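Listed below, chain by chain, are the residues.
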Amino acid sequence: MIYQTCIACGEKHGADEIVYSCKRCGDLLEVEYDYDLLKAKLEKSDWRSLSLSVWRYKDFMPIRDPSKVISLNEGGTGLHSCNRLINFVGVERLYVKNEGENPTGSFKDRGMTVGVTNAVELGMKTVVCASTGNTSASLAAYAAKAGLQCIVFIPSGKIAYGKLAQAMVYGAKVVQIRGNFDHALKTVLELSEKHREVYLLNSINPYRLEGQKTLAHEICDQLNKRSPDRVVLPVGNAGNISSLWKGFTEFHKLGMIDKLPKMTGIQAEGAAPIARAIKNGEDEILPLDKPETIATAIRIGVPISWKKAMRAIKESGGTAETVTDEEILEAQKMLARSEGLFVEPASASSIAGLKKLFEMGKIGKDEVVVCVTTGHGLKDPDIAIKISEKPSEVDAEIGSVENLLGLSRSMPVTVVSR
Ligand code: F0G
């Protein structure tokens, strides 16, 4: 049996129920399995022979009919060993799990393949979300593939251009809400509560997080059935850190790995309610009215899954930290120039956070660390251009080019004669 279980009071809701929060106490839900049944199923399954992808882990998913799966070939992203970047961050063994390699360029595709498949299985015709950009791009693509109507709510004028272009070209109805992401999310929550025919696919929907937990599964499989010592990732609405922790703990419960990583969440200084609560030893977050950061993907003041995220950090013995916009941009540049990986600013916050925690003595040199870079750099080209050297312009004439490059005009031409 599969349930949607409340994380606070334990109330169970049916797997087919369209419900986004506990009907008894209003808290967050998570998908719960019968793990003995799952273990038995895995023993008979061919999953280990399938190639790395979200659907390699089909047995760990709450999907009823595999023929209904809506997929764009998500997952199977690279786990890059970063032998040059280690000089910048300090630790000796660093991997980057680069989620920009997904079909729409972010980790959201892992969640949407499962969430949109569930929408199809439930017979829904319209899907909605609020978004700082990537969720809307991803939902729009999967809705297009499934033939569903898609409506996305974004904060007016505040999302990166690449993401807006994606949502528009995939044919979503794009609604700009006057205000920030938190206002857009509040509106879409009200809309989906009032109009049950509109299916909500923000990360409050526990089905989406089931897809995202495969990020953890893949990391363990890529490390030869081992967990890293620590996973560092950006935190915005706090769904992803929660789903990774679920992925790791489920793998552990099922005997796939023998230890768990320390979950380490990074937030931008101007949008850091969770990191502040963790650093101050508080049990609850203080919502922020006006979140601000150049990393627009994580410009969020009231993360909806904060309770799950804080539970993940505390249970794992991890931590949380804040980074400035300057630190984020420096890390973005360093990652691109030392490893050839171009990620968007929010993603680079994981690298910046790792460097900061290492310098503070909170991360050991010998720890095996995986940083998750969550979205592709081309999502936000304006920032990349702003932080890079401008192109030079010269006439199409060899002398001008030599001058520009500092090459001597009288460089001898060597003629090889026999
Ligand atoms: N990195 C990127 C690139 C993101 O787009 C997001 C969230 C996060 C990190 C944070 O993940 O919310 O699960 O803690 N983007 C959402 C969106 C909010 O609407 O695209 P989280």
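So, here's what we can say about the structure. (Residues numbered from 1 in each chain as written. Predicted model: local features only at pLDDT ≥ 70, side-chain atom pairs only at ≥ 80, totals over all residues. Heavy atoms only, no water.)

### Quick notes on the overall build of the protein
Then, number 1: Summing up its helical and strand segments, the protein has 15 helices and 13 strands in all.
Then, number 2: Against the 2.2 N^0.38 benchmark of 22 Å for 418 residues, the protein shows a C-alpha radius of gyration of 23 Å, consistent with a compact globule.
Then, number 3: With the C-alpha coordinates of the protein rotated into their principal frame, the extents come out at 80 × 50 × 45 Å.
Then, number 4: Here the protein holds 418 residues, and the buried ones make up 57% of them.
Then, number 5: Pairs at least 24 residues apart make up 70% of the contacts formed inside the protein by residues separated by at least 6 positions.
Then, number 6: As displayed, the protein has an accessible area near 18200 Å², and 51% of this comes from carbon and sulfur atoms. (Helix = DSSP H or I, 4+ residues; strand = E, 2+ residues; numbered from the N terminus. Rg over C-alpha atoms; globule rule 2.2 N^0.38 Å. Buried < 20%, exposed > 50% of the residue type's maximum accessible area, 1.4 Å probe, protein only. Contact = heavy atoms within 4.5 Å. Areas by Shrake-Rupley, 256 points an atom, 1.4 Å probe, with all protein chains shown as cover.)

### Considerations on the site of the ligand
Then, number 1: Near the ligand lie 21 residues; those nearest to it are T132, N237, A238, N240 and T374.
Then, number 2: Within the backbone of G239, one N or O atom sits 3.2 Å away from an oxygen atom of the ligand.
Then, number 3: One nitrogen or oxygen atom from the side chain of T374 is found 2.6 Å from a nitrogen atom belonging to the ligand.
Then, number 4: For the ligand, whose unbound accessible area comes to 480 Å², protein coverage reaches 99%.
Then, number 5: With respect to the detected pockets, the ligand is housed in the largest cavity.
Then, number 6: Broken down by secondary-structure element, the contributors of at least two residues to the shell around the ligand are α4 (134-146) and α9 (239-253).
Then, number 7: Grouping the amino acids of the shell around the ligand by side-chain chemistry returns eight nonpolar, 11 polar and two charged. (Near = heavy atom within 4 Å. Polar contact = N/O pair within 3.5 Å; in protein donor to acceptor, adjacent residues only side chain to side chain. 1 Å grid on protein atoms, 1.4 Å probe; cavity = no way out; pocket = protein on both sides within 12 Å on 5 of 7 lines; lining within 4 Å. Sits in = over half its atoms within 2 Å of the grid points. Nonpolar A, V, L, I, M, F, W, Y, C, P; charged D, E, K, R; others polar.)

### As for helix α5 (residues 161-169)
Then, number 1: Taken together, the buried positions of α5 are G162, K163, L164, Q166 and A167.
Then, number 2: Against the buried residues of α5 lie α4, β7 (149-155), β8 (173-177) and α14 (381-387).
Then, number 3: Immediately beyond the C-terminal end of α5, within one or two residues, lies G171, with a positive phi of roughly 90°.

### Some details on the sheet that holds strand β3 (residues 29-32)
Then, number 1: Across the sheet, three strands lie side by side as β2-β1-β3; this open sheet has antiparallel pairing. The open sheet is flanked by β2 (12-14) and β3, the only strands paired with a single partner. Between one strand axis and the next, the sheet turns through 35° on average, direction left out of account.
Then, number 2: In this structure, strand β1 (residues 3-6) lies alongside β3, joined through four bridges in antiparallel fashion. Bridged to C6 within β3 is L29. (Pairing = 2+ DSSP bridges. Axes fitted to C-alpha atoms, helices over the stretch in contact; angles between N-to-C directions.)

### Structural notes on the environment of C6
Then, number 1: With respect to the helices and strands, C6 occurs in strand β1.
Then, number 2: The buried category is assigned to C6, whose relative accessible area is 4%.
Then, number 3: Not counting the four nearest positions on each side in its chain, C6 is found in contact with E11, C22, C25, D27, L28 and L29.

### Thoughts on empty space enclosed by the protein
Then, number 1: By the definition in use, this model includes three cavities of 30 Å³ or more.
Then, number 2: What lines the largest cavity is a set of 27 residues, among which F107, K108, G236, N237 and A297 lie closest to the centre.
Then, number 3: Secondary structure elements with two or more residues in the lining of the largest cavity: α4, α7 (206-212) and α9.
Then, number 4: For the lining of the largest cavity, the element with the highest residue contribution is α9, accounting for three residues.
Then, number 5: In the lining of the largest cavity, the residues fall into 11 nonpolar, 13 polar and three charged. (Points joined across faces, edges and corners; volume = space filled by probe spheres on them.)

### Let's talk about the packing of aromatic side chains
Then, number 1: In total, this model carries eight aromatic pairs according to the counting rule given.
Then, number 2: Ring geometry for Y20 versus Y199: centroids 6.2 Å apart, planes at 50°, classification tilted. Taken together, the residues Y20 in the loop between β2 and β3 and Y199 in strand β9 (residues 198-200) connect sequence positions 179 residues apart.
Then, number 3: Given a relative accessible area of 2%, Y20 falls into the buried group.
Then, number 4: Under the relative-accessibility criterion, Y199 is labelled buried at 3%. (Phe/Tyr/Trp six-rings, centres within 6.5 Å; stacked < 30°, edge-to-face > 60°.)

### Focus on the pairing of strand β13 (residues 368-373)
Then, number 1: β13 sits mainly inside the fold: six of its six residues count as buried.
Then, number 2: Residue alternation in β13 divides its side chains into two sets, V368, V370 and V372 and V369, C371 and T373, and both sets are buried.
Then, number 3: Note: strand β5 (residues 93-98) against β13, six bridges, orientation parallel. When the sheet's bridge partners are listed, Y95 is paired in β13 with V370.
Then, number 4: The pairing of strand β10 (residues 230-234) with β13 spans three bridges and is parallel. What sits directly across from V232, in β13, is C371.

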